[in-house]
Amino acid sequence: MQIEAAPFPYPFDVSKTAFVIIDMQRDFIEPGGFGETLGNDVKLLEAIVPATQAVLEAWRQAGGLVVHTREAHQPDLSDCPPAKLGRGNPKLRIGDQGPMGRILIKGEPGNQIIDALAPIDGELVIDKPGKGAFYATGLHVTLKERGITHLLFAGVTTEVCVQTTMREANDRGYDSLLLEDCTESYFPEFKAAAVEMIRAQGAIVGWTAPSKSLLAALRNPA
Ligand code: C5J
């Protein structure tokens, strides 16, 4: 199959491709969560849910592997380096009690993936202590064991956890494509810049395409 993409078409085989949804957790997406508490407009992020859900459904129908990630730390913060702990909003740090439980802590209500994209049996859920999904998770080994060589990306935020993971994937030899309408940032200009950076210089990090191009490829395999 082939997706009409930038900077040039992206060939892929469903059996060797995973759909990776980055950090669509309640605290980043839902009103009343951590993201909103920091003064961000979560409506921007919520807006990608329908397109991401449509891709998830089509990808499940096609029989492709789905990987969900969550930015999540152990309750004792043993996997959170002091350098990370000391950043962000001093009034609401990682591990502090937020509107939906402790911020970025495994098992807390705000750390769960939103209902609309909830994982189902057979899908991988990766809890990651870093911004990138490959750091300290074993994801690379798991994907290699399954023969995965290509990754399709959705999720938040474009310039932080999504872009970091795509760069990690690139250095590990994966061909990655970002679904432009299935990713978002609290800062639209950062999203736009990240999308450009990814596909610049002949796909230096990877490809980008609107989700309708993937859905068309799945409907009409070349
Ligand atoms: C993610 C963040 N998921 N922005 N985290 O991008 O801190």
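Numbering of residues starts from 1 in each chain and follows the order in which that chain's sequence is written. Whole-chain, interface and lining totals are the exception, using all residues; otherwise, since this is a predicted model, local features are given only for residues with pLDDT of at least 70 and side-chain atom pairs are given and counted only at 80 or more. Computation of side-chain values: all heavy atoms of the structure, hydrogens and water removed.

As recorded in an unreviewed UniProt entry, the protein goes by the name Isochorismatase family cysteine hydrolase, listed as coming from Variovorax rhizosphaerae.

**Q** Honestly, the site of the ligand in this entry has me stumped. Any pointers?
**A** For this description, a residue counts as near a given molecule or strand if any of its non-hydrogen atoms is within 4 Å of it. Taken together, the neighbourhood of the ligand is formed by D23, F28, E71, K131, V156, T157, V160 and C161. The separation between a nitrogen atom of the ligand and a polar main-chain atom of V156 is 3.1 Å. A distance of 2.9 Å separates an oxygen atom of the ligand from a polar backbone atom of T157. Residue-level accessible areas treat just the shown protein chains as cover; the underlying method is Shrake-Rupley with a 1.4 Å probe. Expressed as a share of its isolated accessible area of 230 Å², the protein-covered part of the ligand is 84%. Residue classes follow a fixed rule: Ala, Val, Leu, Ile, Met, Phe, Trp, Tyr, Cys and Pro count as nonpolar, while Asp, Glu, Lys and Arg count as charged, and any other residue, Gly among them, counts as polar. Grouping the constituent residues of the shell around the ligand by class yields 4 nonpolar, 1 polar and 3 charged. Distance and chemistry together define a polar contact, namely a pair of N or O atoms within 3.5 Å, with one atom able to donate a hydrogen and the other to accept it when in protein, and with adjacent residues in sequence counting only for side-chain atoms on both sides.

**Q** Can you help me understand the nonpolar core in this one?
**A** The tendency in soluble globular proteins is for nonpolar side chains to be buried side by side. What we call a nonpolar core is a set of buried Ala, Val, Leu, Ile, Met, Phe, Trp, Tyr and Cys residues that are connected through their side-chain atoms within 4.5 Å. Using a 1.4 Å probe on the protein chains alone, a residue whose accessible area is under 20% of its type maximum counts as buried, one over 50% counts as exposed, and one in between counts as partly exposed. Ranked by size, the top nonpolar core spans 44 residues in total, and within it I3, F12, F19, M24, W59, L177 and L214 carry the most contacts. Elements are defined by DSSP. Helices are runs of H or I of four residues or more, strands are runs of E of two residues or more, and each kind is numbered from the N terminus. Listing elements by their share of this core, those giving two or more residues are strand 3 (17-22), helix 1 (26-29), helix 4 (49-62), strand 8 (150-156), strand 9 (175-184), strand 10 (207-209) and helix 9 (211-219). The biggest single contributor to this core is helix 4, with 5 residues. When residues no more than four places from it in sequence are discounted, the contact partners of M24 are I29, I48, V49, T69, Q112, I113, I114, L117, G155 and V156. Core analysis: the second largest hydrophobic core is formed by 23 residues, A18, L124, C161 and A169 among them. In what follows, a contact means two residues having at least one pair of non-hydrogen atoms within 4.5 Å.

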